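Listed below, chain by chain, are the residues.
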Amino acid sequence: QVQLVESGGGLVQPGGSLRLSCAASGFTFSSYAMSWFRQAPGKEREFVAGASSSGGVTKYADSVKGRFTISRDNAKNTVFLQMNSLKPEDTAVYYCAADPRYGSRQREYAYWGQGTQVTVSS
């Protein structure tokens, strides 16, 4: 059974940091590209960051470039999202997703987690 379980969300003040984790099981993690998406209230889900199966290639949304870092530990079947200099507009539910192909469109992703809430507020 495939599972993607996100953790690490919470309430943080503007300018603060959070580190999200996504633990994967039920598929060959090291063969899958992994990405983070987010969905703010009243908005469509959007791409945040992605990493190739090895982690050697990464991509970021312009809105988070320079502030967020995606990384993965294939030995532990886990992908991370380090979020620094957080802004109120980063408030959203954050989802991790997996697909065999790097660069897939959002609708093509094979597996999704349930999401973790991130709230940036003073």
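Residues numbered from 1 in each chain as written. Predicted model: local features only at pLDDT ≥ 70, side-chain atom pairs only at ≥ 80, totals over all residues. Heavy atoms only, no water.

**Let's talk about the pairing of strand β9 (residues 92-99)**
Reasoning step 1: Counting buried positions over the eight residues of β9 gives seven, a clear majority of the element.
Reasoning step 2: Both β9 and strand β11 (residues 116-120) contribute to a ladder of three bridges, which runs antiparallel. Its bridge partner lying in β11, V93 is registered against Q117.
Reasoning step 3: In this structure, β9 lies alongside strand β10 (residues 111-112), joined through two bridges in antiparallel fashion. Bridged to A98 within β10 is Y111. (Buried < 20%, exposed > 50% of the residue type's maximum accessible area, 1.4 Å probe, protein only. Helix = DSSP H or I, 4+ residues; strand = E, 2+ residues; numbered from the N terminus. Pairing = 2+ DSSP bridges.)

**As for the pattern of salt bridges**
Two side chains carrying opposite charge are able to pair once their charged atoms lie near each other.
Reasoning step 1: Tallied over the full model, the rule gives six salt bridges.
Reasoning step 2: Put simply, R67 and D90 hold a salt bridge, and the shortest N to O gap is 2.7 Å. Of this pair, R67 sits in the loop between β6 (58-60) and β7 (68-73) while D90 sits in the loop between β8 (78-83) and β9, and the two are 23 residues apart along the sequence. For the pair R67 and D90, a shared accessibility class is recorded, and that class is buried.
Reasoning step 3: Here E108 ties to R105 by a salt bridge, and the two come within 3.9 Å at their closest N and O atoms.
Reasoning step 4: The structure contains a network of salt bridges with shared partners spanning R38, E46, R67 and D90. (Salt bridge = Lys/Arg side-chain N within 4 Å of Asp/Glu carboxyl O.)

**Thoughts on the side chain of D99**
Reasoning step 1: In this structure, D99 sits in strand β9.
Reasoning step 2: Here D99 is buried and forms no salt bridge, its nearest opposite-charge partner R101 lying at an N-O distance of 5.0 Å.
Reasoning step 3: A distance of 2.6 Å separates the side chain of D99 from the side chain of S104, its partner in a polar contact.
Reasoning step 4: D99 has contacts with Y32, A33, S104, E108, Y109 and A110, leaving out every residue within four places of it along the chain. (Lys, Arg positive; Asp, Glu negative; His and termini not counted. Polar contact = N/O pair within 3.5 Å; in protein donor to acceptor, adjacent residues only side chain to side chain. Contact = heavy atoms within 4.5 Å.)

**Digging into the pairing of strand β1 (residues 3-7)**
Reasoning step 1: Residues L4 and E6 of β1 are buried on one face, while the alternating residues Q3, V5 and S7, pointing to the opposite face, are not.
Reasoning step 2: Pairing analysis gives five bridges linking β1 to strand β3 (residues 18-25), with the strands arranged antiparallel. The residue of β3 that forms the bridge with V5 is A23.

**Section: the packing of aromatic side chains**
Reasoning step 1: Summed over all chains, the structure comprises eight aromatic pairs.
Reasoning step 2: Each ring, one from Y32 and one from Y111, has its centre 5.8 Å from the other, and the planes form 25°; the classification is stacked. Of this pair, Y32 sits in the loop between β3 and β4 (33-39) while Y111 sits in strand β10, and the two are 79 residues apart along the sequence.
Reasoning step 3: Relative accessible area serves as the criterion here: at 13%, Y32 is assigned to the buried category.
Reasoning step 4: Its end group placed over the ring of F80, R19 keeps NZ or CZ at 3.9 Å from the ring centre.
Reasoning step 5: One Lys or Arg, R72, reaches over the ring of F29 and ends 4.4 Å from the middle of that ring. (Phe/Tyr/Trp six-rings, centres within 6.5 Å; stacked < 30°, edge-to-face > 60°. Lys NZ or Arg CZ within 6 Å of the ring centre and 35° of its normal.)

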